[in-house]
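One letter stands for each residue in the lines below.
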Amino acid sequence: MRTRTTTATTGLVTALTALLVLAGCSTPGGGRPTAASSAPSASVPAPSGGGAGFEGPRPQDQNLLAWTGDPNDAGHVTAQSTAGVGGRVTLVRIVLREQITWSNVWLGLAGIDPNAQLANCYLGVYDAKGALVATTADISPQLMTDAIAKPFTLGKPFTAAPGTYFIALLLNGNWATNGLTLKSTGAGISVNAGLTPPNLRYSTLLTGQTSLPPTVNLAEQSTSTINTGWASQWYAIS
């Protein structure tokens with residue numbers, strides 16, 4: 001009996017030793033790789049060139065350089081009386097993520113007043129310090145025709161570095177409140193949520209202006225007119 005027991009025990013030890021050798025195991029500090037470290041690692045697929053997936057419409061999809069929002073969402077109309085916005089500088093903030101050559105400001109003209117009498121109407125661009133960096137000629141004739149989204153050419157294209165800019169609109173004359181209208185979103189007074197001057201997204205400045213002043217004090221941005229319905233106009237850049 002003793003002989004058979006010894007033989008069985010010896011065979012078991014031999015079998016266990018063989019299994020450990022095959023598995024590549026060893027005692028700690030023995031220098032041999034463990035089963036986990038010697039096992040082949042799972043292959044990791046190389047990242048594709050498609051980025052993070054679908055990110056929604058981009059200005060470049062429509063041959064534009066930047067915009068205040070997808071024009072497909074600009075389904076609302078903003079209308080204001082002559083007394084409400086005439087002579088006021090309306091500012092719309094836009095943030096550029098890359099350097100561009102800025103040549104045109106696109107405006108969504110929703111409706112026209114064929115009987116309007118317009119003069120001294122301009123679009124322009126202010127930088128984050130309130131300096132006028134570009135302006136159009138008087139756009140009054142273009143506000144009388146073609147109620148579509150269309151470009152208004154700046155007097156001189158300029159190189160716009162990444163950063164914050166304000167598109168400025170100045171209207172003067174007489175028009176029917178519900179005749180001359182601009183495309184916008186339906187955001188209403190929520191357009192400036194979380195913001196204060198001088199970083200308001202939509203605001204007005206000054207009164208009685210017949211041209212865009214060379215500088216403005218952005219700390220004086222006001223929302224009083226914006227909150228009456230004159231808000232969230234749609235603009236784009238090319």
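### Looking at the layout of surface pockets
A probe matching the size of a water molecule, rolled over the atoms, marks out where space remains unfilled. Of the volumes computed, that of the largest pocket is approximately 380 Å³. Contributing to the lining of the largest pocket are 14 residues, with A66, W67, V95, L96 and R97 lying nearest its centre. Looking at the lining of the largest pocket, the elements with two or more residues in it are β1 (66-67) and β3 (89-96). Broken down by class, the residue content of the lining of the largest pocket amounts to 8 nonpolar, 2 polar and 4 charged.

### What about the nonpolar core?
Membership of the largest hydrophobic core comes to 36 residues, with the highest contact counts inside it found for W102, L123, L143, L169 and L171. Broken down by secondary-structure element, the contributors of at least two residues to this core are β3, β4 (100-111), β6 (122-127), β8 (149-160), β9 (163-170) and β13 (235-237). By residue number, the principal contributor to this core is β4, which donates 5 residues. Residues within four places of L123 in sequence aside, it is in contact with V105, L107, T135, T136, I139, F152, I167, A168, L169, L212 and Y235. Ranked by size, the runner-up nonpolar core spans 11 residues in total, among them V89, Y122, F166 and L205.

### Some details on the pairing of strand β7 (residues 132-135)
By the bridge criterion, 3 bridges tie β6 to β7 in an arrangement that is antiparallel. In the strand pairing of β7, V125 is matched with A134. Turn length for the β6-β7 hairpin, with the two strands adjacent in sequence and antiparallel, is 4 residues, and the turn residue G130 shows positive phi of about 90°.

### Comments concerning unusual backbone geometry
Cis geometry is adopted by the peptide bond preceding P198, which originates at P197 and carries an omega value of 10°. Examined against the element boundaries, P198 turns out to sit in the loop between β11 (181-184) and β12 (202-205). The phi torsion at N63 lies on the positive side, around 60°, for a residue other than glycine. Residue classification places N63 among the exposed residues on the basis of a relative accessible area of 71%. For S232, which is not a glycine, the phi torsion comes out positive at approximately 55°. Inspection of the secondary structure assignment puts S232 in the loop between β12 and β13.

### Here's the deal with the packing of aromatic side chains
Enumeration according to the criterion identifies 3 aromatic pairs in this entry. Judged by centre distance (5.4 Å) and plane angle (25°), the ring pair of W102 and F158 falls under stacked. Pair noted here: W102 is in strand β4 and F158 is in strand β8, with a separation of 56 residues, a long-range link. Residues W102 and Y165 carry aromatic rings whose centres are separated by 5.9 Å and whose planes lie at 75° to one another, so their mutual orientation is edge-to-face. Here W102 is found in strand β4, whereas its partner Y165 is found in strand β9, with 63 residues between them in sequence. With respect to burial, W102 and Y165 carry one shared label: buried. Linked through ring pairs, W102, F158 and Y165 together constitute an aromatic cluster.

Rules behind the numbers
Residues numbered from 1 in each chain as written. Predicted model: local features only at pLDDT ≥ 70, side-chain atom pairs only at ≥ 80, totals over all residues. Heavy atoms only, no water. 1 Å grid on protein atoms, 1.4 Å probe; cavity = no way out; pocket = protein on both sides within 12 Å on 5 of 7 lines; lining within 4 Å. Points joined across faces, edges and corners; volume = space filled by probe spheres on them. Helix = DSSP H or I, 4+ residues; strand = E, 2+ residues; numbered from the N terminus. Nonpolar A, V, L, I, M, F, W, Y, C, P; charged D, E, K, R; others polar. Core = buried A, V, L, I, M, F, W, Y, C linked by side-chain atoms within 4.5 Å. Buried < 20%, exposed > 50% of the residue type's maximum accessible area, 1.4 Å probe, protein only. Contact = heavy atoms within 4.5 Å. Pairing = 2+ DSSP bridges. Phe/Tyr/Trp six-rings, centres within 6.5 Å; stacked < 30°, edge-to-face > 60°.

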